[in-house]
Amino acid sequence: MDFTAGTVVDVKLVYAAAIKANSSSLILAHCHPSGNLLPSEQDKILTQRIKKAGETLDILVLDHLIMTAEGYYSFAEEGEL
């Protein structure tokens, strides 16, 4: 079975929560129910958008994790942050 799924992420809402919590950094995480640990191009673009917004707000993105039942992918560990 082949299917396509997507999720809309509002960067403003990500940082609204971080600002309300008086955060100096954050870790992003989401799951890939397909079991594929590799980030999509959309994952990479979104990560960079969120990171860039954080630089403006002085809120550091420490990592972005993709999780599956089998393991995880870390943008930080893979040098993609």
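In what follows, the structure referred to is the one given above.
Given the structure is predicted, the values throughout are model-derived calculations rather than measurements.

Caption draft 1: Looking closely at the sheet that holds strand E3 (residues 71–74). The strand order across the open sheet built from three strands is E1-E2-E3, with neighbouring strands paired in mixed fashion. A single partner strand is all that each edge strand has here, and the edge strands are strand E1 (25–31) and E3. With strand direction ignored, the average angle separating the axes of adjacent strands in the sheet is 25°. Here four bridges tie strand E2 (residues 60–68) to E3, and the two strands are oriented antiparallel to one another. Residue pairing across strands places Ile 66 opposite Tyr 73, the latter belonging to E3.

Caption draft 2: Region of interest: the pairing of E2. Pairing of E1 with E2, which is carried by seven bridges, proceeds in the parallel orientation. Among the inter-strand pairings, Ala 29 is bridged to a residue of E2, identified as Leu 65. The handedness of the E1 to E2 crossover, carried by helix H2 (residues 41–57), is right-handed.

Caption draft 3: Region of interest: helix H1 (residues 11–20). Among the residues making up H1, those that are buried are Val 11, Tyr 15 and Ala 18. The buried residues of H1 occupy an angular sector of 55° when projected down its axis, which confines them to one face. The exposed set on the far side of H1, more than 90 degrees from its buried face, consists of Lys 12, Leu 13 and Lys 20. Buried residues in H1 make contact with E1, H2 and E2.

Caption draft 4: View of the packing of H1 against H2. Where H1 contacts H2, the axes come no closer than 10 Å and their chain directions differ by 45°. With respect to their mutual orientation, H1 and H2 come out oblique. The way H1 lies across H2 gives a crossing that is right-handed. Where H1 abuts H2, its residues Val 11, Tyr 15 and Ile 19 lie against Leu 46, Arg 49, Ile 50, Lys 51, Ala 53, Gly 54 and Leu 57. Along the lines of polarity and charge, the residues of the contact of H1 with H2 split into seven nonpolar, one polar and two charged.

Caption draft 5: Structural view of the environment of Ser 24. Mapped onto the elements, Ser 24 comes out in the loop between H1 and E1. Of the residues examined, Ser 24 reaches a relative accessible area of 55% and is grouped as exposed. For the pair Ser 24 and Lys 51, spaced 27 residues apart in sequence, the C-alpha separation works out to 13 Å.

What counts, and at which threshold
Residues numbered from 1 in each chain as written. Predicted model: local features only at pLDDT ≥ 70, side-chain atom pairs only at ≥ 80, totals over all residues. Heavy atoms only, no water. Pairing = 2+ DSSP bridges. Helix = DSSP H or I, 4+ residues; strand = E, 2+ residues; numbered from the N terminus. Axes fitted to C-alpha atoms, helices over the stretch in contact; angles between N-to-C directions. Right-handed = clockwise from strand over helix to strand, strands pointing away. Buried < 20%, exposed > 50% of the residue type's maximum accessible area, 1.4 Å probe, protein only. Arc of directions from axis to C-beta. Contact = heavy atoms within 4.5 Å. Parallel < 35°, antiparallel > 145°, perpendicular 65-115°, else oblique. Left-handed = near helix turned anticlockwise from the far one by under 90°. Nonpolar A, V, L, I, M, F, W, Y, C, P; charged D, E, K, R; others polar.

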